[in-house]
Amino acid sequence: MSEIVLGVGASHSTLMNTHWSEVDHLPEAHRFRDGLATARDALAEARPDALVVIGSNHFRGMFLDLMPSFTVGVGEVLGAGEAGTPGGPLPVDTALARTIVDHVVSSGLDPAFSLRLTVDHGITHSLQHLVPDLDVPIVPVVVNTFAPPLPPLRRCHTLGAEIGAAIRADGTDKRVAVIASGGLSHRLPWPKWFAASSDDDRFLVRAWLEGRTSWGEYEVRRREIVRAAAPEINPAFDEWFLGLLEAGDVEPVLDHSDERIEAEAGNGAHEIRAWVAMAAAVGPGTGATAAYAEIPQWLTGMGVSILTPADVLTTGGVR
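What counts as what
Residues numbered from 1 in each chain as written. Predicted model: local features only at pLDDT ≥ 70, side-chain atom pairs only at ≥ 80, totals over all residues. Heavy atoms only, no water. Helix = DSSP H or I, 4+ residues; strand = E, 2+ residues; numbered from the N terminus. Contact = heavy atoms within 4.5 Å. Phe/Tyr/Trp six-rings, centres within 6.5 Å; stacked < 30°, edge-to-face > 60°. Buried < 20%, exposed > 50% of the residue type's maximum accessible area, 1.4 Å probe, protein only. Lys NZ or Arg CZ within 6 Å of the ring centre and 35° of its normal. Pairing = 2+ DSSP bridges. Salt bridge = Lys/Arg side-chain N within 4 Å of Asp/Glu carboxyl O. Axes fitted to C-alpha atoms, helices over the stretch in contact; angles between N-to-C directions. Parallel < 35°, antiparallel > 145°, perpendicular 65-115°, else oblique. Left-handed = near helix turned anticlockwise from the far one by under 90°. Nonpolar A, V, L, I, M, F, W, Y, C, P; charged D, E, K, R; others polar.

(A) The arrangement of the side chain of Ser305 in detail. The residue Ser305 is located in strand 9 (residues 300-309) in this model. Residues in contact with Ser305, not counting those within four places in the same chain, are Gly7, Val8, Gly9, Leu242, Leu245, Trp275, Ala288, Thr289 and Ala290.

Take a look at the structure:
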């Protein structure tokens, strides 16, 4: 039987790669980076044979011409390589990916799968900073968090629970860690695709629809649009959500509507879907917040959470 040995949730921002000099003087930025280092060390100590990485898509690997709620990479996986994130082929645990897809489909959910999946920093930022050697095969799970209608939080929790069940039923005796990437509170200057009202809105929607073979052509202007946005961060929401993970119970957030999430924490907070799925996969255990920092320069409340499954606590992680 395979086992889940650790869960990690980590916020992402490509500005950490491209504009670190703008925040190097801020203790908050170093606090977040130190939290990533703590999680990186915990992952190394857990010695995973494979990583399930649950994250979002920022319209560099998936586009409005086809937008599944959930997509699992089961074959070739390529990093988009934007903003200094890993590009090109990534190592994939195809056998585990197929096991997860088969189990999740049989459970009544309907994930898409891809034999040639491009992932952006919604997946690769966590790999870059948590497993920088990229020597552990991954199973990427991409959740639609930006193109409504979005999968409800409760359905994301069900997905995570079934991923956890698939891993634990797998007979290959692997040690698996589950990573969630995204969030916490932030607001991106991104329209809903059906409500583009300005020139910038229409440009972005066109990029999201037409960029499958040419997303780089849209990159300069879309990055300018993001950089011009005013930060909207809600530390109270972020700390409340991190507290749920510490308590090992995300139930209080599962019935939040999209409208409530956006009102309290911004449209970027829809990425907590990945964290909810990760927590459900890990199951009962204990959580610890390794870092939280409000970083307006990155538009985002940046957090790192480490979840230890109950059975690992019981055995001390040794087998």
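(B) Structural detail: the packing of aromatic side chains. On inspection of all chains with the given rule, the structure shows ten aromatic pairs. Here the aromatic rings of Phe203 and Tyr218 are separated by 5.7 Å at their centres, their planes lie at 55°, and the arrangement is tilted. Separated by 15 residues along the polypeptide, Phe203 in helix 6 (residues 199-210) and Tyr218 in the loop between helix 6 and helix 7 (219-227) bring together distant segments of the chain. This pair shows no difference in class: Phe203 is buried, exactly as Tyr218 is. With centroids separated by 6.1 Å and ring planes inclined at 65°, the aromatic side chains of Phe241 and Trp275 adopt a geometry described as edge-to-face. Highlighted residues: Phe241 in helix 8 (residues 235-247) and Trp275 in helix 10 (residues 272-282), separated in sequence by 34 residues. Grouped by ring-pair contacts, the aromatic residues Phe59, Phe146, Trp190 and Trp208 constitute a single cluster. Between the NZ or CZ atom of Arg221 and the centre of the ring of Phe203, over which it lies, the distance is 4.4 Å.

(C) View of the pairing of strand 7 (residues 175-181). Summarising burial for strand 7: seven of the seven residues are buried, a large majority. Burial of strand 7 is two-sided: the residues Arg175, Ala177, Ile179 and Ser181 facing one way and the residues Val176, Val178 and Ala180 facing the other way are all buried. In this sheet, strand 7 lies alongside strand 1 (residues 3-10) in parallel orientation, the contact comprising seven bridges. Looking at the pairing, Gly9 lines up with Ala180 of strand 7. Where strand 2 (residues 50-56) meets strand 7, five bridges bridge the pair, whose relative direction is parallel. Directly across from Val52, in strand 7, lies its bridge partner Val178.

(D) Focus on the pattern of salt bridges. Within the structure shown, the criterion is met by 16 salt bridges. Counted as one network, the salt bridges with shared partners bring together Arg60, Glu82, Glu219 and Arg222.

(E) The environment of Gly87, seen in detail. Note that Gly87 resides in strand 4 (residues 87-90). Distance in space between the C-alpha atoms of Gly87 and Thr308 is 30 Å, their sequence separation being 221 residues. Residues in contact with Gly87, not counting those within four places in the same chain, are Gly79, Ala80 and Gly81.

(F) Region of interest: the packing of helix 3 (residues 94-106) against helix 5 (residues 153-169). Packing of helix 3 against helix 5 leaves a shortest axis separation of 9 Å and a crossing angle of 125°. Considered as vectors, helix 3 and helix 5 are oriented oblique to each other. For helix 3 against helix 5, the interelement crossing comes out right-handed. Contacts between helix 3 and helix 5 involve Leu96, Thr99, Ile100, His103 and Val104 from the first element and Leu159, Glu162, Ile163, Ala165, Ala166 and Ile167 from the second. Taken together, the residues of the contact of helix 3 with helix 5 sort by class into eight nonpolar, two polar and one charged.

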